[in-house]
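# What the coordinates show
Spelled out from the first residue to the last, the chains are:
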Amino acid sequence: MTTIQAFILAIIEGITEFLPVSSTGHMILASSFFGIEHDEFTKLFTIVIQLGAILSVIVLYFKRFFQTFEFYFKILVGFIPAVILGLLFAKKIDALLENPVTVAVSLLIGGILLLKVDDWFGNSNETEITYPTAFKIGLFQCISMIPGVSRSGASIVGGMSQKLSRSAAAEFSFFLAVPTMFGATIKKCYDYYKDGFVLTHDQINFLIIGNIVAFIVALIAIKTFIGFISKNGFKVFGCYRIIAGITLLIFHFFVHSLTII
């Protein structure tokens, strides 16, 4: 990995983490494009820089994190399904993460669904999140363990299916991302530590750069996204995912390479 590659990957993480387009999918595609997708540090890097994105949520919604304990309990309830399924299927998930075709198909199917989600669930103004609602959103979030599905997209659609408004569903998706992404990062770091992986000085610098860039870009992306979906819904993101999925399939099956020198 080079400094420029680290910078670009961090920008992609910051933009896509909280949009319904799949940050993991985009990171897989970008690292494949650079030819570094099988490098162990690249895999660690794409997970660890999520911490920068997490921090952007805490900074933007700082007051919400210090209101009531019920807020934390609801996030915990929504987080439980991801913990259980993540521990049960960790190895299978890691295997899927290396398959660009899985990403492409997920992007395509998710895009088609996003074209319809506003028609199905887009007319509610409900903002109150109950414990059952939080748990059901957590179940939806688990679908994003398939690369290309989008954690934020799955949890937002889950919230809207429970009659939440677009903005309320999106905000809870952001809050739910904090323990989910933090837990995934800690587990991945522990796994690498247990396997004896040692970071070089340059790799530590890449992680610092990546987290700073992801944090700044995510701040902008979140503020822009909330306003956009409140007015325009999800059809634009659906079209983008369909185009991205088809393009990836064409590259994979007809160009046979996503790697540049």
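One structure accompanies this document, and this report is about it.

## Re the packing of helix α1 (residues 3–16) against helix α11 (residues 201–232)
It is the contact of α1 with α11, at a shortest axis distance of 7 Å, that shows an interaxial angle of 30°. Judged by the inter-axis angle, α1 sits roughly parallel to α11. The two elements α1 and α11 cross, and the hand of that crossing is right-handed. In contact with Thr3, Ala6, Phe7, Ala10, Ile11, Glu13, Gly14 and Ile15 of α1, α11 contributes Phe206, Ile209, Gly210, Val213, Ala214, Val217, Ala218 and Ala221. A per-class count over the contact of α1 with α11 returns 12 nonpolar, three polar and one charged.

## Some remarks on the packing of aromatic side chains
Inspection of every chain in the model, using the stated rule, returns 15 aromatic pairs. Centroid distance Tyr61 to Phe174: 6.3 Å. Interplanar angle 45°. Geometry classified as tilted. You can see Tyr61 sitting in the loop between α4 (50–60) and α5 (69–88) and its partner Phe174 sitting in helix α10 (residues 166–194), a full 113 residues away along the chain. Both residues of the pair, Tyr61 and Phe174, count as buried. Across the ring face of Tyr131, the terminal group of Lys74 is positioned such that the distance to the ring centre comes to 5.9 Å.

## Some details on helix α2 (residues 23–34)
Between its first and last C-alpha, α2 extends 16 Å over 12 residues, near the 16 Å set by a 1.5 Å rise per residue. Counting buried residues in α2 gives 10 out of 12 residues, a clear majority hidden from the surface. Turning to α2, its buried residues are Ser23, Gly25, His26, Met27, Ile28, Leu29, Ala30, Ser31, Ser32 and Phe34. Once α2 finishes, Gly35 follows within two positions and takes phi at roughly 75°, a positive value.

## With respect to the nonpolar core
Phe18, Val57, Tyr61, Phe174, Phe225, Phe234 and Phe237 are the most contacted members of the largest nonpolar core, which totals 36 residues. The biggest single contributor to this core is α10, with 10 residues. Setting aside anything within four residues of it in sequence, one finds Phe174 in contact with Phe18, Val57, Tyr61, Ile222, Phe225 and Ile226. Listed in part, the 18 residues of the second largest apolar core include Met27, Ile36, Leu207 and Val217.

## Looking at the environment of Ile208
Inspection of the secondary structure assignment puts Ile208 in helix α11. On the accessibility criterion, Ile208 (47% relative accessible area) is partly exposed. C-alpha separation for the pair Ile208 and Ile112, spaced 96 residues apart in sequence, amounts to 37 Å.

## A closer look at the pattern of salt bridges
In a structure, side chains of opposite charge can pair up when their charged atoms sit close to one another. Under the criterion given, the structure shown has nine salt bridges. With a shortest N-O distance of 3.9 Å, Glu17 and Arg151 are connected by a salt bridge. Note that Glu17 is positioned in the loop between α1 and α2 and Arg151 in helix α9 (residues 151–161), a separation of 134 residues in sequence. Here the two residues Glu17 and Arg151 agree in accessibility, since each one is buried. Counted as one network, the salt bridges with shared partners bring together Glu70, Lys74 and Glu128.

Rules behind the numbers
- Residues numbered from 1 in each chain as written.
- Predicted model: local features only at pLDDT ≥ 70, side-chain atom pairs only at ≥ 80, totals over all residues.
- Heavy atoms only, no water.
- Axes fitted to C-alpha atoms, helices over the stretch in contact; angles between N-to-C directions.
- Helix = DSSP H or I, 4+ residues; strand = E, 2+ residues; numbered from the N terminus.
- Parallel < 35°, antiparallel > 145°, perpendicular 65-115°, else oblique.
- Left-handed = near helix turned anticlockwise from the far one by under 90°.
- Contact = heavy atoms within 4.5 Å.
- Nonpolar A, V, L, I, M, F, W, Y, C, P; charged D, E, K, R; others polar.
- Phe/Tyr/Trp six-rings, centres within 6.5 Å; stacked < 30°, edge-to-face > 60°.
- Buried < 20%, exposed > 50% of the residue type's maximum accessible area, 1.4 Å probe, protein only.
- Lys NZ or Arg CZ within 6 Å of the ring centre and 35° of its normal.
- Expected span 1.5 Å × (residues − 1).
- Core = buried A, V, L, I, M, F, W, Y, C linked by side-chain atoms within 4.5 Å.
- Salt bridge = Lys/Arg side-chain N within 4 Å of Asp/Glu carboxyl O.

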